[in-house]
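These are the residues of each chain, in order.
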Amino acid sequence: MRADLLSLCPPPEHVPEVVARLIAAEHPDPPVPRPVRDPLDGVLRVILSQQNTNAVAQRQWEALTFTYPRWEAALLDGPEGIEATLKAAGGGLARVKAAYLHGILAHLEETRGELSLRFLRDLPDDEARAALEALPGVGLKTASLVLLFDLIRPALPVDGNIERTLKRLEFVPPNWSAERTERWFDRVVPREWALRAALHVAGVRHGRHTCLPRNPRCPACPLLDLCPSAPLLSPEVTAGTPGRPVCSGG
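Residues numbered from 1 in each chain as written. Predicted model: local features only at pLDDT ≥ 70, side-chain atom pairs only at ≥ 80, totals over all residues. Heavy atoms only, no water.

This part takes up the overall build of the protein. Of regular secondary structure, the protein possesses 12 helices and 0 strands. Long-range contacts, defined here as pairs at least 24 residues apart, represent 65% of the contacts in the protein between residues at least 6 apart. Positive and negative charge centroids in the protein, built from 29 and 30 side chains respectively, lie 4 Å apart. (Helix = DSSP H or I, 4+ residues; strand = E, 2+ residues; numbered from the N terminus. Contact = heavy atoms within 4.5 Å. Lys, Arg positive; Asp, Glu negative; His and termini not counted. Charge placed at Lys NZ, Arg CZ, Asp CG, Glu CD.)

What follows concerns the nonpolar core. Counting 37 residues, the largest nonpolar core has L40, V43, W71, I104, L117 and L132 as its most contacted members. Those elements that place two or more of their residues in this core are α3 (39-49), α4 (54-67), α5 (71-89), α6 (94-111), α7 (125-133), α8 (140-149) and α11 (193-209). When residues no more than four places from it in sequence are discounted, the contact partners of L40 are W71, I104, L105, L108, L115, S116 and L117. The next biggest cluster of nonpolar side chains, apart from the first, holds 31 residues, and it includes I23, L169, A202 and L223. (Core = buried A, V, L, I, M, F, W, Y, C linked by side-chain atoms within 4.5 Å. Buried < 20%, exposed > 50% of the residue type's maximum accessible area, 1.4 Å probe, protein only.)

Turning to empty space enclosed by the protein, a few remarks are in order. For the structure on display, the rule yields 2 cavities of 30 Å³ or more. Of the voids in this model, the largest cavity is the one considered here, and its volume is about 110 Å³. H206, C211, C218, C221 and C227 are the residues nearest the centre of the largest cavity, which is lined by 15 residues in total. Only α9 (160-168) and α12 (230-233) provide two or more residues apiece to the lining of the largest cavity. A breakdown of the residues in the lining of the largest cavity according to their chemical character gives 10 nonpolar, 3 polar and 2 charged. Lining the second largest cavity are V18, L22, I162, T165, L166, L169, F185, L199 and G203. At 3 residues, the largest contribution of residues to the lining of the second largest cavity is made by α9. A breakdown of the residues in the lining of the second largest cavity according to their chemical character gives 7 nonpolar, 2 polar and no charged. (1 Å grid on protein atoms, 1.4 Å probe; cavity = no way out; pocket = protein on both sides within 12 Å on 5 of 7 lines; lining within 4 Å. Points joined across faces, edges and corners; volume = space filled by probe spheres on them. Nonpolar A, V, L, I, M, F, W, Y, C, P; charged D, E, K, R; others polar.)

The next subject is the confidence of the model for the protein. In the predicted model, the protein carries a mean pLDDT of 92, and 94% of its residues have values of at least 70. Ranking the helices and strands of the protein by mean pLDDT puts α7 first, with 97, and helix α1 (residues 2-8) last, with 75. (pLDDT = per-residue confidence, 0-100.)

Here R187 lies in helix α10 (residues 178-188). Put simply, R187 and L5 are 182 residues apart on the chain and 8.8 Å apart in space, counted from C-alpha to C-alpha.

By secondary structure assignment, the location of A99 is in helix α6. Judged by its relative accessible area of 43%, A99 falls in the partly exposed class. Separated by 65 residues in sequence, A99 and R164 place their C-alpha atoms 30 Å apart.

The subject of this paragraph is the pattern of salt bridges. Across all of its chains, the model carries 14 salt bridges by this definition. The residue R70 makes a salt bridge to E72 at a minimum N-O spacing of 3.5 Å. We note a salt bridge from D125 to R153, for which the minimum N-O separation is 2.6 Å. One end of the pair, D125, is in helix α7; the other, R153, is in the loop between α8 and α9, and 28 residues separate them in sequence. The exposure class of R153 is buried, given its relative accessible area of 11%. (Salt bridge = Lys/Arg side-chain N within 4 Å of Asp/Glu carboxyl O.)

This is the structure:
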């Protein structure tokens with residue numbers, strides 16, 4: 001399927017230029033791997049961050065780790081207890097997230113006999129991804145985030161900010177799903193951890209600061225001359241429209 005995606009949508013020649021400009025503008029310092037921790041913590045934190053602000057996700061994480069110094073206590077408390085802890089910290093979707101968190105812990109207890117994902121460090125990338133995506137509530141993007149930042153593997157998560165930028169650049173069709181877009185992007189960016197870690201952070205920042213969902217700040221965009229959508233989004237600017245291979249979008 002991966003090869004088919006490139007056949008459907010060949011990457012434009014200026015992809016490396018886009019990558020370089022985004023990193024230079026938003027993440028010029030080389031990324032540093034964060035301290036080693038159990039990847040299980042990474043999975044749970046990513047789930048908390050979904051449809052939450054960073055501040056709320058951090059409050060919920062602090063509440064969880066204070067209430068449950070060991071994850072075995074959360075497993076015993078059940079989804080209702082986890083939900084109450086999340087609600088007390090604020091934020092939405094407490095019931096859904098509590099069910100996912102408890103489901104992950106129960107899955108590990110049943111299949112591994114321990115509440116840990118340290119074993120993923122010894123697996124090849126594809127097997128580690130498969131094990132992550134087998135967990136309740138963990139899809140492609142969540143697995144990619146854990147692989148990239150907790151396991152230091154060259155995954156390439158595509159969040160809504162990066163997806164929006166790629167579609168405005170007309171790298172991929174507007175009707176492609178986030179999952180298909182991520183699989184395409186994974187094929188066209190070199191598999192280097194430092195490059196991908198910097199690109200992910202830079203892409204998220206670019207979407208939050210410049211390529212906004214509404215009223216994007218096109219005049220300040222480092223990709224202005226490469227973006228065919230800029231004249232439509234900001235009539236006051238004139239952007240170049242680089243040629244690109246025909247993308248069927250099938």
